[in-house]
Amino acid sequence: MIDAAMIFAAGFGTRMGALTRETPKPMLPVLGRPMIDYAIDLLKDAGVPRLVANTHYLADRIEPHLARQGVITCREDPILETGGGLRAALPRLAGDPVFTINPDAIWRGPNPATALAKAWRDEMQALLMLVPSPDGLETDDFSLEKGEIGRSGPYRYTGLQILRTGRLHEIPDDVFSLNRYWDLLAATGPVHGIVYSGDWIDIGRPEGLAEAERLLRA
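Notes on the structure follow. One numbering rule holds for all chains: residues counted from 1, following each sequence as written. Note on the predicted model: pLDDT of at least 70 is required for a residue's local features to be given, and 80 or more for side-chain atom pairs to be given and counted; whole-chain, interface and lining totals, by contrast, use all residues. In computing side-chain properties, one takes all heavy atoms of the structure into account and sets aside hydrogens as well as water.

1. Section: the overall build of the protein
Going along the chain from the N terminus, every DSSP run of H or I of four or more residues is numbered as a helix, and every run of E of two or more is numbered as a strand. Check the secondary structure of the protein and you find six helices and 13 strands. Against the 2.2 N^0.38 benchmark of 17 Å for 218 residues, the protein shows a C-alpha radius of gyration of 16 Å, consistent with a compact globule. For the protein, the spread of C-alpha atoms along the three principal axes comes to 45 × 40 × 30 Å. Counting across all 218 residues of the protein, residues that qualify as buried make up 49%. We call two residues contacting when some pair of their heavy atoms lies within 4.5 Å. Contacts spanning at least 24 positions in sequence make up 67% of the contacts within the protein whose residues lie at least 6 apart. Only the protein chains shown count as covering a residue, and every accessible area follows the Shrake-Rupley method with a 1.4 Å probe. On the protein, roughly 10,100 Å² of surface is accessible, and the fraction owed to carbon and sulfur atoms is 50%. A positive count includes Lys and Arg, and a negative count includes Asp and Glu. His and the chain ends are not counted in either. A charged residue contributes its charge at one atom only: NZ of Lys, CZ of Arg, CG of Asp or CD of Glu. Side chains of the protein give 23 positive and 29 negative charges; the mean places of these two sets differ by 3 Å. The size measure is the radius of gyration over C-alpha atoms, and the globule rule it meets is 2.2 Å times the number of residues to the 0.38 power. Working definition: with a 1.4 Å probe on protein chains only, accessible area under 20% of the residue-type maximum means buried, over 50% means exposed, and in between means partly exposed.

Okay, structure coming up:
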């Protein structure tokens, strides 16, 4: 059982324009609910007992909401990106491996966190949830062959994974992306992935909010 999850909620949401001038991106509403609540629901429904979220931008406007949801928060100053933020939160996560999830996405179909947990094996270093590129381009995040991922291929990373954290200390910088950690892991063994069987929408820009609502209404 994966006992803990990290929710990345510290970003500035600059691509959302004026919508995030006074509201942190994870609090933007999708069908009347903060988008981060959908990520929290997935993790709770998958039986993950300990949820941690990093905060930074407009932290005072998201932390009370997360506290009501039972989510532990750790405020970053300065912002540490995904890899640095995960490493800083390890004392609060108190487990290994952990889920990590980006809250700016909407899923429709089987619970992706449950699907990852079922596919996880103890010998794995990381297990990423992928979706096919909508245009089939070979320039998206990853390739996938026999469950092992490589760089540059027709699959896109969804922002949800199970990850072993024990080698994060090997990266010397305080601020770094999880992309660097995946490369470090891949240098000594495979990094794994599975493809989500349902629908997934990335809320990267303002128009993504309407697309996510259409997906949920369908």
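2. Points about the environment of methionine 6
Positionally, methionine 6 belongs in strand β1 (residues 4-8). Accessibility expressed as a relative area gives 0% for methionine 6, which makes it buried. Here the alpha-carbon distance between methionine 6 and isoleucine 162, two residues 156 residues apart in the chain, equals 10.0 Å.

3. Here's the deal with the pairing of strand β5 (residues 72-75)
The sheet contact formed by strand β4 (residues 50-55) and β5 spans four bridges and is parallel. Directly across from valine 52, in β5, lies its bridge partner isoleucine 72. With helix α2 (residues 63-68) bridging β4 and its parallel neighbour β5, the resulting β-α-β unit is right-handed. Strand pairing requires that DSSP identify at least two bridges connecting the strands. Handedness is read with the strands pointing away from the viewer; a crossover is right-handed when the path from the first strand over the helix to the second is clockwise.

4. Re the side chain of asparagine 54
Its place among the elements puts asparagine 54 in strand β4. Of the residues examined, asparagine 54 reaches a relative accessible area of 2% and is grouped as buried. Leaving out residues up to four positions away in the same chain, asparagine 54 has contacts with Met6, Ile7, Phe8, Ala9, Ala10, Cys74, Glu76 and Gly85.

5. Section: the nonpolar core
With 31 residues, the main nonpolar core has Ile36, Leu43, Phe99 and Trp107 as its most contacted residues. Of all the secondary structure elements, the ones that give two or more residues to this core are β1, α1 (35-45), β4, β6 (98-101), β7 (105-108), α4 (112-119), β8 (126-132) and β11 (155-163). It is α1 that provides the largest number of residues to this core, a total of five residues. The contact partners of leucine 43, leaving out residues within four places of it in the chain, are Ala5, Ile7, Val48, Leu51, Phe99, Ile101 and Ala113. We call a set of buried Ala, Val, Leu, Ile, Met, Phe, Trp, Tyr and Cys residues a nonpolar core when their side-chain atoms join them within 4.5 Å. Judged by nonpolar contacts, the second largest core, of 25 residues, contains Ala4, Leu163, Trp182 and Val191.

6. Here we look at helix α5 (residues 178-186)
Within the sequence span of α5, burial applies to Leu178, Tyr181, Trp182, Leu184 and Leu185. Buried residues of α5, viewed axially, fall in a sector of 160°; they line one side. For this analysis, a polar contact is any N or O atom pair within 3.5 Å, provided that within protein one partner can donate a hydrogen and the other can accept it, and provided that sequence-adjacent residues contribute only side-chain to side-chain pairs. The opening residue of α5, the one whose side-chain oxygen lies 3.0 Å from the backbone nitrogen of asparagine 179, is serine 177. Our arc is simply the arc of the directions from the helix axis toward the C-beta atoms.

7. Let's talk about the environment of asparagine 102
Considering the arrangement of structural elements, one finds asparagine 102 in the loop between β6 and β7. Sequence separation between asparagine 102 and glutamine 69 is 33 residues; the distance between their C-alpha atoms is 17 Å.

None of the figures reported here should be taken as evidence of function without further support.
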